[in-house]
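Overview (structure and organization)
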Amino acid sequence: MRIALLTWAYPPEKSGLTRAAREIAQSLADAGNDVCVFTMDRREDSRDARVSVIGCGLREGSFAAGLRKVAGIGHLVAPLAFRRAVAREHRRAPFDIVEATNWYAPGLAIALAGPAPLVTRNSTPAATSAETVTSLRDRFDRRAAMLAERIAARFSKALISNTQLHGDKIADLYGVAAPSEARGTR
């Protein structure tokens, strides 16, 4: 199976997010899948063992990079960059599935317009992951992020959660069907 994995960052950057992305990518590759990681933390492509790493980062000073700083609208820039990069690779060799985190919805444009089915892997949603916001701009931006996550979840072909309880909380937050015991949890 050919799998695209969307992530905000990938090693050598050091964070829990990058460790999780590497563990997921490497375990999928170890299971015999062709894995291609798409990441926003760089512009260059590389390899990590059997995993291809495609840089989707925006050129500093570009129009897109400027838009990314605009409240609300900025949450659409990265999903469009991810979709463009995945579509380019998909034309070269089709993906069977695209997997992305729910956090700030990097898979939003893929959920809505392909080129392959999206599976959303749930972690902490934007609604609960940041400090309490008080300014009007920050409240608007948080609501836009939450809306992007909700839409991506609703248009995903499947949702992956760590536990049944986590899956139920995500389903309630995003207004989607709760996962069953046998499916939808990991």
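Refer to the preceding data block for the structure.
All values derive from a computational prediction rather than experimental measurement. (Residues numbered from 1 in each chain as written. Predicted model: local features only at pLDDT ≥ 70, side-chain atom pairs only at ≥ 80, totals over all residues. Heavy atoms only, no water.)

1. A closer look at the side chain of N102
For N102, the location among the structural elements is in the loop between β5 (97-101) and α4 (108-113). Under the relative-accessibility criterion, N102 is labelled buried at 2%. Apart from the residues within four sequence positions on either side, N102 is in contact with T120, R121, N122, S123, T124, P125, E149, I170 and Y174. (Helix = DSSP H or I, 4+ residues; strand = E, 2+ residues; numbered from the N terminus. Buried < 20%, exposed > 50% of the residue type's maximum accessible area, 1.4 Å probe, protein only. Contact = heavy atoms within 4.5 Å.)

2. Quick notes on the layout of surface pockets
Roughly 260 Å³ of internal volume is contained in the second largest pocket. Considering the residues around the second largest pocket, the lining is formed by 17 residues, among which A20, I24, R121, N122 and S123 are closest to the centre. By residue number, the principal contributor to the lining of the second largest pocket is helix α1 (residues 16-30), which donates five residues. Split by residue class, the lining of the second largest pocket holds six nonpolar, nine polar and two charged. (1 Å grid on protein atoms, 1.4 Å probe; cavity = no way out; pocket = protein on both sides within 12 Å on 5 of 7 lines; lining within 4 Å. Points joined across faces, edges and corners; volume = space filled by probe spheres on them. Nonpolar A, V, L, I, M, F, W, Y, C, P; charged D, E, K, R; others polar.)

3. Considerations on the pattern of salt bridges
Within the structure shown, the criterion is met by eight salt bridges. Between D48 and R22 there is a salt bridge; the shortest N-O distance is 2.9 Å. A residue pair is termed long-range when its members are at least 10 positions apart, and D48 in strand β3 (residues 46-48) and R22 in helix α1 qualify at 26 residues. D48 sits in the buried class, given a relative accessible area of 16%. Judged by relative accessible area, which is 34%, R22 ranks as partly exposed. Through salt bridges with shared partners, one network takes in R2, D34, E89 and R92. (Salt bridge = Lys/Arg side-chain N within 4 Å of Asp/Glu carboxyl O.)

4. Here's the deal with the sheet that holds strand β4 (residues 51-55)
The mixed open sheet is built from seven strands, whose spatial order is β3-β4-β2-β1-β5-β6-β7. Looking along the sheet, the strands with just one partner apiece sit at the ends: β3 and β7 (158-160). On average, each strand axis in the sheet is inclined to that of its neighbour by 25°, with strand direction left out of account. Both strand β1 (residues 2-7) and β5 contribute to a ladder of four bridges, which runs parallel. Residue pairing in the sheet places L6 in a bridge with A100 of β5. (Pairing = 2+ DSSP bridges. Axes fitted to C-alpha atoms, helices over the stretch in contact; angles between N-to-C directions.)

5. Focus: the nonpolar core
The biggest cluster of nonpolar side chains holds 20 residues, and the ones touching the most others in it are L6, F38, M40, F82, V86, F95 and V98. Secondary-structure elements contributing two or more residues to this core are β1, β2 (34-39), α3 (74-92), β5 and α4. Broken down by element, the residue count for this core peaks at five residues, all from α3. Discounting chain neighbours no more than four positions away, the residues touching L6 are F38, F82, V86, V98, E99, A100, T101, P106, G107, I110 and R121. (Core = buried A, V, L, I, M, F, W, Y, C linked by side-chain atoms within 4.5 Å.)

6. A look at unusual backbone geometry
In this chain, P11 is followed by P12 through a cis amide linkage whose omega measures 25°. The topology assignment puts P12 in the loop between β1 and α1. For the peptide bond that leads from G114 to P115, omega is 20°, which places it in the cis range. Mapped onto the fold, P115 is located in the loop between α4 and β6 (118-121). Phi is positive for Y104, which is not a glycine, with a value near 65°. Residue position: Y104 is located in the loop between β5 and α4.

7. A closer look at the pairing of β4
Burial runs high along β4: five of the five residues are buried. Note that β2 and β4 share four bridges and pair parallel. Across the sheet, T39 pairs through a bridge with G55, a residue of β4. Here β3 pairs with β4 via three bridges, running antiparallel. For S46, the partnering residue across the bridge sits in β4 and is V53. Linking two consecutive strands that pair antiparallel, namely β3 and β4, is a turn of two residues; a positive phi of about 60° is found at A49 within it.

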